[in-house]
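# Chain and residue survey
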Amino acid sequence: MKIKTLILFSISAILLGCSVRYVERVPGIQPGYVDQQLGENTYQVKIGEAWPKDWVDLEKFALYRAAEITESKSKRYFTILSSSSQTSTYYISTPSSSSTSGTASVIGGTAYVNSSTVTSPSVTTPISGGWYTLDFKIISDSEVSSSTKVVDAQQIKRNYEIFINSRR
């Protein structure tokens, strides 16, 4: 029973330490965002490798990153082309284990052996992770009235600034 508790505690500690922060992703080391330019004014932001507790925050991260990219191009508005979420479940298994301990004693000409074996069953634990993807196009002020799903980059940054700074 102690081994099972230790394994579950270890997995919990790992999950708590892997919250998505608002940083650029380092594959296999640090969850975070990845962005790329798809066209002249079109970009994609992916944020993830996130645990279920972080899924509600992924859209905020992606919108904030889109706002940063928009402002870096000296523009104020962008339009959302598409957004999607992808989740995956992985399984971590620990094999069963057995431990035998014993004592031997000799009394007179007779040897006495006492042993006990403790066996822990294998444990399989599911871990879910996910990605949020946002495709967007930076637009000029003159395109705002003729576009749909228009987002004000300045407003996004104002609305999410405290939240983002707490997750850096």
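Here, every reference points to the structure presented above.
Residues numbered from 1 in each chain as written. Predicted model: local features only at pLDDT ≥ 70, side-chain atom pairs only at ≥ 80, totals over all residues. Heavy atoms only, no water.

Moving on: the overall build of the chain. Across its full length, the chain carries 3 helices and 7 strands. Listing every helix and strand of the chain by position from the N terminus yields α-β-β-α-β-β-β-β-β-α. Taking all contacts inside the chain whose residues are at least 6 apart in sequence as the whole, residues at least 24 apart take part in 72%. Working note: accessible area of the chain is about 10500 Å², and carbon and sulfur atoms make up 53% of it. (Helix = DSSP H or I, 4+ residues; strand = E, 2+ residues; numbered from the N terminus. Contact = heavy atoms within 4.5 Å. Areas by Shrake-Rupley, 256 points an atom, 1.4 Å probe, with all protein chains shown as cover.)

In contact at an axis separation of 9 Å, helix α2 (residues 55-72) and helix α3 (residues 153-166) are set at 130° when each is read in the N-to-C sense. Here α2 lies oblique to α3, going by the angle between them. Viewed along their axes, α2 and α3 form a crossing whose handedness is left-handed. The segment α2 lies against α3, with D57, K60, F61, L63, Y64, A67, E68, T70 and E71 engaging A153, Q154, I156, K157, Y160, E161, F163 and I164. (Axes fitted to C-alpha atoms, helices over the stretch in contact; angles between N-to-C directions. Parallel < 35°, antiparallel > 145°, perpendicular 65-115°, else oblique. Left-handed = near helix turned anticlockwise from the far one by under 90°.)

As a further point, take the nonpolar core. Residues I47, F61, F78 and F136 are the most contacted members of the largest nonpolar core, which totals 23 residues. Contributions of two or more residues to this core are made by β2 (42-50), α2, β6 (123-139) and α3. When sequence neighbours within four positions are dropped, the list of residues in contact with F78 reads L63, A66, A67, T70, F136, K137, I138, I139, K149, V150, V151 and A153. (Core = buried A, V, L, I, M, F, W, Y, C linked by side-chain atoms within 4.5 Å. Buried < 20%, exposed > 50% of the residue type's maximum accessible area, 1.4 Å probe, protein only.)

Now for unusual backbone geometry. The backbone phi angle of S74 is positive, close to 60°, even though this residue is not glycine. By the element assignment, S74 lies in the loop between α2 and β3 (77-94). For K149, which is not a glycine, the phi torsion comes out positive at approximately 55°. Within the fold, K149 resides in the loop between β6 and β7 (150-152). Among the residues examined, K149 registers a relative accessible area of 57% and is labelled exposed.

Looking now at α2. The terminal C-alpha atoms of α2 lie 27 Å apart, and with 18 residues this matches the ideal 26 Å at 1.5 Å per residue to within 8%. Of the positions making up α2, those classed as buried are D57, L58, F61, A62, L63, Y64, R65, A66, A67, E68, I69 and T70. (Expected span 1.5 Å × (residues − 1).)

Time to look at the packing of aromatic side chains. Under the criterion given, the structure shown has 6 aromatic pairs. When the centroid spacing of 5.8 Å and the interplanar angle of 20° are considered together, the rings of Y22 and F61 count as stacked. Taken together, the residues span a long stretch of sequence, with Y22 in the loop between α1 (2-16) and β1 (32-37) and F61 in helix α2 at a distance of 39 residues. Between F78 and F136, the aromatic rings sit 5.2 Å apart at their centres with planes inclined by 65°, giving edge-to-face as the arrangement. Note that F78 is positioned in strand β3 and F136 in strand β6, a separation of 58 residues in sequence. By relative accessible area, which is 0% here, F78 ends up buried. Linked through ring pairs, Y22, Y33, F61, Y64 and F163 together constitute an aromatic cluster. Over the aromatic face of W131 sits the side chain of K46, whose NZ or CZ is 4.8 Å from the ring centroid. (Phe/Tyr/Trp six-rings, centres within 6.5 Å; stacked < 30°, edge-to-face > 60°. Lys NZ or Arg CZ within 6 Å of the ring centre and 35° of its normal.)

Read these as spatial facts, not as claims about activity.
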